[in-house]
Amino acid sequence: MSIRWLRNVVIDGEKSAVEVQIGDRRIGDKCYTRINEEVESWFDNYSEVRGEIIAQGVDILRNRLMGKIITYPNGQPYDWQ
């Protein structure tokens, strides 16, 4: 059973989804980030703690999207929470 952190956002005016997977069979065994339907970008987690793995994945996504305008679907600025 995989555990995912998934958020619907708008990236530069396009409806999008950002995702962090933090495990397949157990927390931390298969971690990746993804934007929309792109191929997963796997990463080695620094922790076995759920919140810390999610924070690591969110940081990866935030860095990948630096320079783009990210908002919630309602137009409010996205706060990466």
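Residues numbered from 1 in each chain as written. Predicted model: local features only at pLDDT ≥ 70, side-chain atom pairs only at ≥ 80, totals over all residues. Heavy atoms only, no water.

Q: Quick question: what am I supposed to make of the pattern of salt bridges here?
A: Enumeration according to the criterion identifies seven salt bridges in this entry. With a closest N to O distance of 2.5 Å, Glu 19 and Arg 4 form a salt bridge. A residue pair is termed long-range when its members are at least 10 positions apart, and Glu 19 in strand β2 (residues 14-23) and Arg 4 in strand β1 (residues 3-11) qualify at 15 residues. Of the charged contacts, one joins Arg 34 and Glu 19 as a salt bridge, the two residues approaching to 3.1 Å between their closest N and O atoms. Pair noted here: Arg 34 is in strand β3 (residues 27-35) and Glu 19 is in strand β2, with a separation of 15 residues, a long-range link. Of the two residues, Arg 34 and Glu 19, neither departs from the other in class, the shared state being buried. One salt-bridge network, held together by shared partners, links Arg 4, Glu 19, Arg 34 and Glu 40. (Salt bridge = Lys/Arg side-chain N within 4 Å of Asp/Glu carboxyl O. Helix = DSSP H or I, 4+ residues; strand = E, 2+ residues; numbered from the N terminus. Buried < 20%, exposed > 50% of the residue type's maximum accessible area, 1.4 Å probe, protein only.)

Q: What should I look at first to understand the packing of aromatic side chains in this one?
A: By convention here, two paired aromatic rings are described through the distance between centres and the angle between planes. Counted under the stated rule, the structure contains three aromatic pairs. Consider the rings of Tyr 32 and Trp 42, whose centres lie 5.0 Å apart with planes at 75°: the pair is edge-to-face. Within this pair, whereas Tyr 32 is found in strand β3, its partner Trp 42 is found in strand β4 (residues 41-42), the two being separated by ten residues in sequence. One aromatic cluster is present, built from ring pairs that chain together Tyr 72, Tyr 78 and Trp 80. (Phe/Tyr/Trp six-rings, centres within 6.5 Å; stacked < 30°, edge-to-face > 60°.)

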